[in-house]
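Remarks on the overall topology
Each chain, written out:
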Amino acid sequence: MSQQAATALLEPETLTALGRVCDLQALPVLDDFDTDHARAALADTDLLVTGWGCPPLDPAALEAAPGLRAIVHTAGSVRHHITDACWERGIVVSSAAAANALPVAEYTVAMILLSGKRVVERARAYRGTRARDQGFGVPRTDGNYRRSVGILSASLIGRRVIDLLRPYDLEILLHDPYVTDTEAAALGTRPVGLVELFANSDVVSVHTPLLPATQGLVSRSLLTSMRQDAVLVNTSRGGVVDQDALTELLLADRLRAVLDVTDPEVLPADHPLWECDNALITPHLAGSQGNEWRRLAEVAVGEVARWAAGEGFAHPVLRERLPFTA
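Residues numbered from 1 in each chain as written. Predicted model: local features only at pLDDT ≥ 70, side-chain atom pairs only at ≥ 80, totals over all residues. Heavy atoms only, no water.

1. Details of the domain arrangement of the protein
The condition is simple: Domain start and stop points were drawn from an automatic or database domain assignment. Residue contacts are counted whenever heavy atoms from the two residues lie within 4.5 Å of one another. Once two parts are brought into contact, the accessible area they lose, counted with a 1.4 Å probe and summed over both, makes up the buried area. Should a side-chain nitrogen of Lys or Arg be within 4 Å of a carboxyl oxygen of Asp or Glu, the pair is scored as a salt bridge. Two N or O atoms form a polar contact when they lie within 3.5 Å of each other; inside protein one atom must be a possible hydrogen donor and the other a possible acceptor, and for residues adjacent in sequence the pair counts only when both atoms belong to side chains. Charged means Asp, Glu, Lys or Arg here, nonpolar means Ala, Val, Leu, Ile, Met, Phe, Trp, Tyr, Cys or Pro, and polar covers whatever is left, Gly included.
Split into domains, the protein comes out as domain 1 (3-97 + 290-324) and domain 2 (144-281). On a C-alpha basis, the centroid separation for the pair domain 1 and domain 2 is 33 Å. Between domain 1 and domain 2, the residue contacts involve five residues of the former and four residues of the latter. Of the roughly 330 Å² buried at the junction of domain 1 and domain 2 (both faces included), carbon and sulfur atoms supply 72%. Taken as a group, Arg79, Ala97 and Phe324 account for 85% of the area that domain 1 buries against domain 2, more than any other trio of residues on that side. For the pair domain 1 and domain 2, the interface holds zero salt bridges. Inspection of the region where domain 1 meets domain 2 yields zero residue pairs in polar contact (both at pLDDT 80 or more). For the side of domain 1 that touches domain 2, the residue count by class is four nonpolar, no polar and one charged.

Next up, the structure:
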């Protein structure tokens, strides 16, 4: 992992906990597999704990690690470093994707509820007027009572969002081609087609991974079909959304958006979304940060302990699922 990721994730308590279940290689943490230090460390490595910034484990890197049998990833997606060569070697892989899904879902739910009350807009107006009214002039379209929320993809994050929204007086719509109507009903959602999801939701929350099949999935026609003043929340990847079309609709005062991801990240300094009052842009902060890194580290320690004890991973990454996951 990168040195920055190591500093964030590998607190002394984490290293101590790892040391109880395995023999740790001496620091520094590897961030390049093509150094003398890395090759010497890999020669005796049975398991790698990886994180953000890990280089690809290609055939050359694996050749230096003849005994490598397992990889425990402290973040979500393994696409950037787990190669076909790893699977062909029979290496087992674990990911902290489920743990990282929790803060993303919490952020999403917060933004759904805040957008329903128009908190950002009304706070901005309040700051300008310094005068409070009783709110009797608020349109009946504002608020969170019986608001319809569309979930695009029952991913780990999407499912957690559905769970967290359950106590509220909301109608939850779901589109996921891999979820049956029976499964959707069991989740407490109403299954709908993609077009219906966008046309009938007050808020659409995007949780589909960025794959070749989902590039630009949230198209101009889907965005145009959304209700006046509807909200798009995107905590997935910017490339899933037609950003040019979304920008036009936001600037035209047709939609609102909460964007924790954009395409590219970061937007150019002169991009009109920076000054658009209908867009709330946050710096990809929904995922684990601050004290939430500890959760990722604890999951990784638990997975290492299970593997060292001869047990299977609690959070395995399966090769056959990669075409459908982030």
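2. Thoughts on the nonpolar core
Under the convention used in this document: Residues belong to one nonpolar core when they are buried, are Ala, Val, Leu, Ile, Met, Phe, Trp, Tyr or Cys, and are joined through side-chain atoms within 4.5 Å. Each residue is placed in one exposure class: buried if its accessible area under a 1.4 Å probe, protein chains only, is under 20% of its type's maximum, exposed if it is over 50%, and partly exposed if it falls in between. Secondary structure elements follow DSSP: runs of H or I of four or more residues count as helices, runs of E of two or more count as strands, with numbering from the N terminus.
Within the largest apolar cluster, 26 residues are counted, with the highest numbers of intra-cluster contacts made by Phe198, Val218, Leu223, Leu232, Leu246, Leu250 and Leu255. Considering each element in turn, this core owes the most residues, four residues, to helix α12 (residues 243-251). What Leu232 contacts, discounting residues up to four positions off in sequence, is Phe198, Val204, Val206, Leu223, Met226, Val241, Leu246, Arg256, Ala257 and Val258. In terms of nonpolar packing, the next biggest core, distinct from the first, is built from 24 residues, Tyr107, Ile112, Ile162 and Ala184 among them.

3. Observations concerning the state of the cysteines
Cysteine pairs can be covalently joined through their sulfur atoms, and such a bond is termed a disulfide. The following threshold applies: Throughout, disulfides are identified as pairs of cysteine sulfur atoms within 2.5 Å of each other.
Summed over all chains, the structure comprises zero disulfides. No disulfide involves Cys54; its sulfur sits 8.8 Å from that of Cys86, the nearest cysteine.

4. Here's the deal with the UniProt feature "domain: D-isomer specific 2-hydroxyacid dehydrogenase catalytic" (unreviewed entry) in the protein
To keep things clear, this is the line we draw: UniProt positions are given in the numbering used here, feature names are shortened, and annotations may be inferred rather than shown by experiment.
Per the UniProt record, "domain: D-isomer specific 2-hydroxyacid dehydrogenase catalytic" (unreviewed entry) is found at residues 26-317. Between the C-alpha atoms that bound residues 26-317 there is a distance of 27 Å. The span itself is 35% helix and 14% strand.

5. Looking at the sheet that holds strand β8 (residues 231-234)
Selection rule: DSSP bridges decide pairing: two strands pair if at least two such bridges lie between them. Every angle, taken between N-to-C directions, lies between 0 and 180 degrees, and every axis is a line fitted to C-alpha atoms, over only the stretch in contact when it is a helix.
One open sheet holds the seven strands; their spatial order is β6-β5-β4-β7-β8-β9-β10, and the pairing between them is parallel. Strands with a single pairing partner mark the edges of an open sheet, and in this sheet they are β6 (190-191) and β10 (279-281). By the bridge criterion, three bridges tie strand β9 (residues 256-259) to β10 in an arrangement that is parallel. Following the sheet pairing, Leu259 is matched in β10 by Ile281. In the packing of α12 onto the sheet, contacts are made with β8, β9 and β10, and the angle to β9 comes to roughly 130°.

6. Topic: the packing of helix α6 (residues 97-116) against helix α13 (residues 293-308)
What counts here: An angle below 35 degrees is read as roughly parallel, one above 145 as roughly antiparallel, one from 65 to 115 as roughly perpendicular, and any other as oblique. The sense of a crossing depends on the near helix, which, turned anticlockwise from the far helix by less than a right angle, makes the crossing left-handed and, turned clockwise, makes it right-handed.
Two elements in contact, α6 and α13, have axes whose closest approach is 9 Å; the angle formed by their N-to-C orientations is 160°. Judged on the interaxial angle alone, α13 and α6 are roughly antiparallel. The crossing of α6 and α13 is right-handed. Where α6 abuts α13, its residues Ala99, Asn100, Leu102 and Pro103 lie against Arg295, Leu296 and Val299. Looking at the contact of α6 with α13 residue by residue, the class counts come to five nonpolar, one polar and one charged.

7. Focus: the UniProt feature "domain: D-isomer specific 2-hydroxyacid dehydrogenase NAD-binding" (unreviewed entry) in the protein
Here, the residues flagged by UniProt with the feature "domain: D-isomer specific 2-hydroxyacid dehydrogenase NAD-binding" (unreviewed entry) are residues 110-286. A distance of 11 Å separates the end C-alpha atoms of residues 110-286, which is 31% helix and 16% strand.

8. Considerations on the pattern of salt bridges
Applying the stated criterion to the full structure yields 13 salt bridges. Across the salt bridge formed by Asp84 and Arg319, the nearest N and O atoms sit 3.6 Å from each other. Linking Asp84 in helix α5 (residues 84-89) with Arg319 in the segment after α13, this pair joins segments that are 235 residues apart in sequence. Accessibility expressed as a relative area gives 37% for Arg319, which makes it partly exposed. Notably, a salt bridge pairs Glu311 with Arg306, separated by 3.8 Å at the nearest N-O pair. A relative accessible area of 42% means that Glu311 is categorised as partly exposed. The class for Arg306 is partly exposed, based on a relative accessible area of 31%. Salt bridges here are not isolated pairs; linked through shared partners, they connect Arg118, Glu121, Asp229 and Arg256.

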